[in-house]
Amino acid sequence: MMNDLKILFISDEPSKALWDYFNQSRLDGIDLIISCGDLPPQYLSFLATFFHGPVLYIHGNHDDCYLETPPDGCICIDGQVYEHEGVRIAGLGGSMRYNNGKFQYTERQMRSRAMKLQRKIRRSKGVDILVSHAPAYALNDGKDLPHKGFRCFYRLLEKNHPKYFVHGHMHISYNYLQKRVCEYQDITVINACERYVLDYASSAQSEELSKVSEIRSIND
């Protein structure tokens with residue numbers, strides 16, 4: 001049975017409110033922390049020290065250092081399906097390949113990774129939240145190769161219909177018109193740059209209210 005969860009998504013830019021000027025009360029009520037990539041491993045380790053729930057992460061295109069110094073006390077869900085309190089979360093890190101980064105992929109390579117993840121989603125009998133670093137192609141992505149999204153993500157979305165698709169990679173500072181939240185078919189798409197809190201509701205009625213309400217950012 002699914003529960004209502006408050007999930008803190010973080011990505012790309014360490015939040016000063018959660019690191020430089022950290023106060024543990026900022027994590028009050030949070031049930032789960034999920035990193036969408038491109039954050040210092042020390043930042044994730046710091047949050048895991050003070051947070052009493054799981055800290056999950058996938059790799060961003062700048063996370064080569066994780067191979068040597070993975071974040072302590074955190075769980076990698078890149079290419080995996082992780083279940084927390086009945087909520088199934090699938091992760092797929094990395095960006096479009098533009099140099100020799102360890103977590104950069106061609107469209108064909110990402111399609112292969114997505115197919116492997118799909119098999120795990122099938123064994124989990126579905127997915128509720130799909131987490132990636134890069135966005136989907138033409139769905140709030142960029143025009144340059146490093147920020148172009150993946151076409152193969154649409155197959156995952158359309159085949160599984162998760163309630164939420166959460167990505168990073170697209171810094172708000174790149175484009176202040178960049179959408180934080182939008183819809184694709186019946187899926188809520190969230191740009192998690194820096195930090196975002198999602199109230200994940202289990203009941204059909206509260207879930208519908210959650211989708212039409214703006215997903216709240218943590219107050220500074």
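Here the structure is a predicted model, which is why all the values come from computation and not from measurement.

Section: the sheet that holds strand 11 (residues 181-184)
Then, number 1: The strand order across the open sheet formed by six strands is 5-6-9-10-12-11, and the pairing between neighbours is mixed. Lying at the two open borders of the sheet, with one neighbouring strand each, are strand 5 (81-84) and strand 11. Neighbour-to-neighbour, the strand axes of this sheet turn through a mean angle of 25 degrees, independent of strand direction.
Then, number 2: Relative to strand 12 (residues 187-191), strand 10 (residues 164-167) runs parallel, the two being bridged by four bridges. Bridging from a neighbouring strand, Y164 pairs with T188 of strand 12.
Then, number 3: Strand contacts of helix 2 (residues 107-123): strand 5, strand 6 (87-92) and strand 9 (129-132), with the helix running at about 160 degrees to strand 6, the strand carrying the most contacts.

Some points on the packing of aromatic side chains
Then, number 1: This structure, assessed with the given rule, holds nine aromatic pairs.
Then, number 2: Where Y57 meets Y66, the ring centres are 5.5 Å apart and the plane angle is 65 degrees; that geometry is what we call edge-to-face.
Then, number 3: Assessed through its relative accessible area of 6%, Y57 is described here as buried.
Then, number 4: Judged by relative accessible area, which is 4%, Y66 ranks as buried.
Then, number 5: Each ring, one from F150 and one from F153, has its centre 5.4 Å from the other, and the planes form 50 degrees; the classification is tilted.
Then, number 6: Judged by its relative accessible area of 0%, F150 is buried.
Then, number 7: Classification of F153 by relative accessible area gives buried; the value is 1%.
Then, number 8: Chaining the aromatic ring pairs together yields one cluster made of F22, F46 and F50.
Then, number 9: Looking at R113, its charged tip hangs above the ring of Y105, at a distance of 4.4 Å from the centre.
Then, number 10: Its guanidinium or amino end placed over the ring of Y137, R151 lies 3.8 Å from that ring's centre, counting from NZ or CZ.

Section: the confidence of the model for the protein
Then, number 1: Summary statistics for the protein give a mean pLDDT of 90 and a share of 89% for residues scoring 70 or more.
Then, number 2: With pLDDT under 50 throughout, residues 203-220 is counted as low confidence; its partners more than four residues away or in other chains account for 33 contacts.

Calculation notes
- Residues numbered from 1 in each chain as written.
- Predicted model: local features only at pLDDT ≥ 70, side-chain atom pairs only at ≥ 80, totals over all residues.
- Heavy atoms only, no water.
- Pairing = 2+ DSSP bridges.
- Helix = DSSP H or I, 4+ residues; strand = E, 2+ residues; numbered from the N terminus.
- Axes fitted to C-alpha atoms, helices over the stretch in contact; angles between N-to-C directions.
- Contact = heavy atoms within 4.5 Å.
- Phe/Tyr/Trp six-rings, centres within 6.5 Å; stacked < 30°, edge-to-face > 60°.
- Buried < 20%, exposed > 50% of the residue type's maximum accessible area, 1.4 Å probe, protein only.
- Lys NZ or Arg CZ within 6 Å of the ring centre and 35° of its normal.
- pLDDT = per-residue confidence, 0-100.

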